[in-house]
Amino acid sequence: ITPWNFPLAMAARKVAPALAAGCTAVLKPASLTPLSSLYFASLMREAGLPDGVLNVVTTSRTSEVVSALMADERLRKVSFTGSTAVGRTLLAQASQNVLRTSMELGGNAPFIVFEDADIPAAVEGAYAAKMRNMGEACTAANRFIVHEDVAEEFTRAFVERMEATVVGDGTADGTDCGPLIQPSAVESMLFMVEDALGKGALLACGGYIPELEENVPSDTGGMPKNLNKGNFVTPTVLTGVTDSMRVWREEIFGPVAPIATFGGYGEEGERTALKLANDTEYGLAAYVYTSNHPRFTRMAAGLEFGLIGYNSGVISNAAAPFGGVKQSGMGREGGPEGLEEYTELQYIGAPNPFAG
């Protein structure tokens, strides 16, 4: 069961190891992006895959169709990428037939910048980690945790980088940031910004729909009156963020970057950064920028996340195991671990030829 944000990559990442392990598969793509999976299946057939080995089921009635699939006794394994809420529902359904499951669920990735970090490199890494796919990625940096000694320098450079982003529909040269998936995503971004500002955060840049000359509140909810010019939101940076705000607690899934600061040096600073980073139910990706390698190894050991970026804002790799811990799921995709997800370990006992 695949999501809409990377429809072709998600299909390939799940189907390839299943077929390599000798399984037949049913692929249920997201209702918002079915065409990529249908084209993927046609390419597989063109490449020689026999009919019936890969079966694509598209539907706008996802719950009804998936519930029927999950209840079918022929099903042995389910692999899902999507929200934690839906993952919990699928795990409950999987328990009825004791299905093997792989769950790649939500994320709330911390991006930690220590006082000894290479700030220009950290800014570029932060931009890559935040703005990949307009921020609509489970591994996207969600909370920027920056040491107070470099917070001003980092924030100033990061804001400049975000403000330089060209927002558009891709028809103009130089477009860097496209639309979000649907109008409700735009509403979610603006409500998160509104919530943060109402609780004391400061708006460093962005926070509006670029087609509108001004963000005119409506009579109900404070949302812009006109949402029909495209699902665009300007890249946004918030400072002074605290754990009482939605942007700290929830997966953002859009081009909004909240920044919080921390203090302390040595082990004290590391403990403070770890406490802030681990303050989430999620545990998919985390990023650490420091010039001190022993510090990074200590941070990696303490971070409750399945994927860690070391002075890098892009860490996905098809050859490496991908997955999270805590409410971000279970199991891995990619690498030999991803292939093993579609196999069962069997022990065979036989008489000991050396006995007696």
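Our subject is the structure that appears above.
Residues numbered from 1 in each chain as written. Predicted model: local features only at pLDDT ≥ 70, side-chain atom pairs only at ≥ 80, totals over all residues. Heavy atoms only, no water.

Student: Before we go on, may I ask you to explain the side chain of Thr-155 in this structure?
Tutor: Along the polypeptide, Thr-155 turns up in helix 6 (residues 151-163). Looking at Thr-155, the relative accessible area reads 15%, which means it is buried. Side-chain polar atoms of Thr-155 contact the backbone oxygen of Ala-151, separated by 2.7 Å. Those residues in contact with Thr-155 that lie beyond four places of it in its chain are Thr-239 and Ile-259. (Helix = DSSP H or I, 4+ residues; strand = E, 2+ residues; numbered from the N terminus. Buried < 20%, exposed > 50% of the residue type's maximum accessible area, 1.4 Å probe, protein only. Polar contact = N/O pair within 3.5 Å; in protein donor to acceptor, adjacent residues only side chain to side chain. Contact = heavy atoms within 4.5 Å.)

Student: Help me understand the environment of Ala-21, please; the structure alone is not making it clear to me.
Tutor: Inspection of the secondary structure assignment puts Ala-21 in the loop between helix 1 (7-20) and strand 1 (25-27). Using a relative accessible area of 30% as the deciding quantity, one classes Ala-21 as partly exposed. Along the sequence, Ala-21 and Glu-340 sit 319 residues apart, while their C-alpha atoms lie 8.1 Å from each other. Those residues in contact with Ala-21 that lie beyond four places of it in its chain are Leu-339, Tyr-342 and Thr-343.

Student: Would you take a moment to explain the sheet that holds strand 11 (residues 307-310) for this structure?
Tutor: Strand order in the open sheet formed by seven strands is 7-8-9-6-5-10-11, and the pairing between neighbours is mixed. One side of each edge strand has no neighbouring strand; the edge strands of this open sheet are strand 7 (202-205) and strand 11. Shown here is a sheet whose adjacent strand axes are inclined to one another by a mean of 25°, direction ignored. With four bridges joining them, strand 10 (residues 285-289) and strand 11 adopt parallel strand pairing. Pairing of Val-288 across the sheet is with Tyr-310, part of strand 11. On the sheet, helix 5 (residues 119-131) packs against strand 5 (109-113), strand 6 (141-147), strand 9 (256-262) and strand 10 and is oriented at approximately 170° with respect to strand 5. (Pairing = 2+ DSSP bridges. Axes fitted to C-alpha atoms, helices over the stretch in contact; angles between N-to-C directions.)

Student: Quick question: what am I supposed to make of the pattern of salt bridges here?
Tutor: Pairing between side chains of opposite charge can happen when their charged atoms approach one another. Within this structure, the stated rule accounts for 20 salt bridges. Of the charged contacts, one joins Glu-124 and Arg-161 as a salt bridge, the two residues approaching to 3.1 Å between their closest N and O atoms. Note that Glu-124 is positioned in helix 5 and Arg-161 in helix 6, a separation of 37 residues in sequence. The exposure class of Glu-124 is partly exposed, given its relative accessible area of 41%. Take Arg-161: its relative accessible area is 28%, and that puts it in the partly exposed class. Arg-249 is paired through a salt bridge with Asp-243; the nearest N and O atoms lie 3.9 Å apart. The exposure class assigned to Arg-249 is partly exposed, which follows from its relative accessible area of 38%. The partly exposed category is assigned to Asp-243, whose relative accessible area is 43%. Look at the salt bridges and you will find they share partners, linking Glu-115, Asp-116, Glu-270, Arg-295 and Arg-298 into a network. (Salt bridge = Lys/Arg side-chain N within 4 Å of Asp/Glu carboxyl O.)

Student: What exactly am I supposed to notice about the packing of aromatic side chains here?
Tutor: Aromatic ring pairs are described here by two measures, namely the spacing of the ring centres and the angle between the planes. Within the structure shown, the criterion is met by eight aromatic pairs. With centroids separated by 5.2 Å and ring planes inclined at 25°, the aromatic side chains of Phe-111 and Tyr-289 adopt a geometry described as stacked. Note that Phe-111 is positioned in strand 5 and Tyr-289 in strand 10, a separation of 178 residues in sequence. Classification of Phe-111 by relative accessible area gives buried; the value is 0%. Here the aromatic cluster, defined as three or more aromatic residues joined through ring pairs, consists of Phe-111, Phe-144, Phe-154, Phe-158, Tyr-287 and Tyr-289. (Phe/Tyr/Trp six-rings, centres within 6.5 Å; stacked < 30°, edge-to-face > 60°.)

Student: Which parts of the structure should I look at to understand unusual backbone geometry?
Tutor: Peptide bonds are, in most cases, trans, and in most cases residues other than glycine have a negative phi. Even without being a glycine, Phe-253 presents a positive backbone phi close to 60°. Here Phe-253 shows up in the loop between helix 8 (246-249) and strand 9. Taking the relative accessible area as the measure of exposure, Phe-253 reaches 22% and is therefore partly exposed. Even without being a glycine, Lys-326 presents a positive backbone phi close to 55°. Along the chain, the position of Lys-326 falls in the loop between strand 11 and strand 12 (329-330).

Any functional reading would require information beyond the geometric quantities listed.
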